[in-house]
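Analysis of the macromolecular model
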Amino acid sequence: MNVPMLDLSEQYQTLKGEIMEALDDVMSKSHFILGANVKKLESDVAEYSGVSHGIGVANGSDALHISLQACGVTQGDEVIVPSFTFFATAGAVARAGGTPVFVDIDPKTFNIDPKKIEAAITEKTKAIVPVHLYGQMADMDAIVEIAEKHNLAVIEDAAQAIGSLYKGKKVGELGTTACYSFFPTKNLGAYGDAGMIVTKDDEIAERMRVIRVHGSKPKYYHHVLGYNSRLDELQAAILNVKFPHLDEWSNLRREKAENYTKLLNESVKDIFTPFIEEHNHHVFHQYTIRVQRRDELQAFLKENGVSTMIYYPKPLHLQPVFAELGYKEGDLPETEKACAEALSLPMFPELKLEQQEYVVSKIAEFYSK
């Protein structure tokens, strides 16, 4: 049996007629830049997030960068980020002129450990960027409390977490801004790059709208240094077709996650299945386990037709591009341990039970030898 990490073909076939109709409508009206589809998606995603503003941008990385700039991060400022995340989290800080300050993670959730944040704050600190990794929100109460104490912005990196909840609160409700990615592999994915920022702050929202169009308002009058980062009208049309299905797909992901956890706990010893905080609603962008001999297991699964992914094999604080910051191996032990043990299994709404049973059977076979 071959089990892909992700298969979008069944989803497309189900929605093909609606998607083609939506694309044809855009082509026929020929309004391609910040048209009605972008405005509708911005409004719907903002309402879904429990906030008043949605700002469509070109991708999730730009969403982070624009948020940082709109919140005042500039040359010489420091921004606290986890090291166990995709490069864009820290890359956006550097692109905005700031310095990423890396903090270790909670080994149970893979999210930034609030207990480690305060010690990293200096007079240069301007913001905290908690990442809601794999679809589970970070400990926002503790993070917001620290941010308010030190007058810091909180920019939620929710690239993997649209639809997740923390104590009944949605992404965006607790932070200054929240940033979504609609990369094709995400829970709500476009057919190319796309992203969005949501916020309840009127002033910051207006700044971000200006920044995404070369910093101009009105057109051709530039008061800030912005750049071209607009959500494409065609991608917005596709996302408007897909968006009403998001909660259904998230529930299916949760169902698949429950299947995996039950099967793994019955069949395999000495691995760690995902830990879910009881107050969290996890949307399982990824189903990630912690295992010994991770690389050997991945190779064995590949030989047996099972695709897996390692998110992330090398922590950001040890990446060559950040070498000048002076971090060394051992500085963030939980992050480094997660980089050696984390393995994500196939996860998508259409994943079949027999595929999951096959995946688990092969994991059990590997550890029984």
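Now for a quick tour of the structure. All values reported here derive from a predicted model rather than from experimental measurement.

Examining the packing of helix α8 (residues 246-267) against helix α11 (residues 353-368)
One way to put it is that α8 packs onto α11 with a least axis distance of 10 Å and a crossing angle of 30 degrees. Compared by their axis directions, α8 and α11 come out roughly parallel. The handedness of the crossing between α8 and α11 comes out as right-handed. Contacts between α8 and α11 involve Lys256, Asn259, Tyr260, Leu263, Leu264 and Ser267 on the former and, on the latter, Leu353, Gln356, Glu357, Val359, Val360, Ile363 and Ala364. Taken together, the residues of the contact of α8 with α11 break down into 8 nonpolar, 3 polar and 2 charged.

Examining the packing of helix α3 (residues 60-70) against helix α4 (residues 88-95)
At a minimum axis distance of 9 Å, the contact between α3 and α4 shows a crossing angle of 40 degrees. Between α3 and α4, the crossing angle belongs to the class labelled oblique. Both α3 and α4 take part in a crossing whose hand is right-handed. Residue-level inspection shows Ser61, Asp62, Leu64, His65 and Leu68 of α3 in contact with α4, the latter providing Ala88, Thr89, Ala92, Val93 and Arg95.

Overview of the pattern of salt bridges
Applying the stated rule across the entire model yields 22 salt bridges. Residue Arg95 is joined to Asp62 by a salt bridge in which the shortest nitrogen-to-oxygen separation is 3.3 Å. Residue Arg95 is located in helix α4, and its partner Asp62 is located in helix α3; the two are separated by 33 residues in the primary sequence. We classify Asp62 as buried; its relative accessible area is 8%. With a shortest N-O distance of 2.6 Å, Arg207 and Glu203 are connected by a salt bridge. Remark: Glu203 and Arg207 occur in helix α6 (residues 202-211); sequence separation between them is 4 residues, near one turn of the helix.

Some thoughts on the side chain of Glu341
With respect to the helices, strands and loops of the structure, Glu341 is situated in helix α10 (residues 333-341). By relative accessible area, Glu341 is classed as buried at 9%. Separated by 3.1 Å, the side chains of Glu341 and Arg290 make a polar contact.

What to know about unusual backbone geometry
For the bond from Lys217 to Pro218, the omega torsion is -10 degrees, close enough to zero to count as cis. Tracing the backbone through its elements, the reader meets Pro218 in the loop between α6 and α7 (233-242). The omega torsion across Tyr311 and Tyr312 is 15 degrees, close enough to zero to call that bond cis. Along the polypeptide, Tyr312 turns up in the loop between α9 (294-303) and α10. Despite not being glycine, Ser30 has its phi angle at roughly 55 degrees, a positive value.

Re the packing of aromatic side chains
Within the structure shown, the criterion is met by 15 aromatic pairs. Ring geometry for Tyr12 and Tyr191: centres 6.1 Å apart, planes at 70 degrees, overall edge-to-face. Highlighted residues: Tyr12 in helix α1 (residues 9-29) and Tyr191 in the loop between β8 (177-181) and β9 (195-199), separated in sequence by 179 residues. A relative accessible area of 23% places Tyr12 in the partly exposed class. By relative accessible area, Tyr191 is classed as partly exposed at 36%.

Description of the sheet that holds strand β6 (residues 165-166)
Strand order in the open sheet made by the 3 strands is β7-β6-β10, with antiparallel pairing throughout. Edge positions in the open sheet fall to β7 (169-170) and β10 (280-281), since each of these has one partner strand only. Sheet topology places β6 next to β10; 2 bridges connect them, and they run antiparallel. Along β10, the bridge assignment pairs Leu165 with His281.

Reading guide: rules and limits
- Residues numbered from 1 in each chain as written.
- Predicted model: local features only at pLDDT ≥ 70, side-chain atom pairs only at ≥ 80, totals over all residues.
- Heavy atoms only, no water.
- Axes fitted to C-alpha atoms, helices over the stretch in contact; angles between N-to-C directions.
- Helix = DSSP H or I, 4+ residues; strand = E, 2+ residues; numbered from the N terminus.
- Parallel < 35°, antiparallel > 145°, perpendicular 65-115°, else oblique.
- Left-handed = near helix turned anticlockwise from the far one by under 90°.
- Contact = heavy atoms within 4.5 Å.
- Nonpolar A, V, L, I, M, F, W, Y, C, P; charged D, E, K, R; others polar.
- Salt bridge = Lys/Arg side-chain N within 4 Å of Asp/Glu carboxyl O.
- Buried < 20%, exposed > 50% of the residue type's maximum accessible area, 1.4 Å probe, protein only.
- Polar contact = N/O pair within 3.5 Å; in protein donor to acceptor, adjacent residues only side chain to side chain.
- Phe/Tyr/Trp six-rings, centres within 6.5 Å; stacked < 30°, edge-to-face > 60°.
- Pairing = 2+ DSSP bridges.

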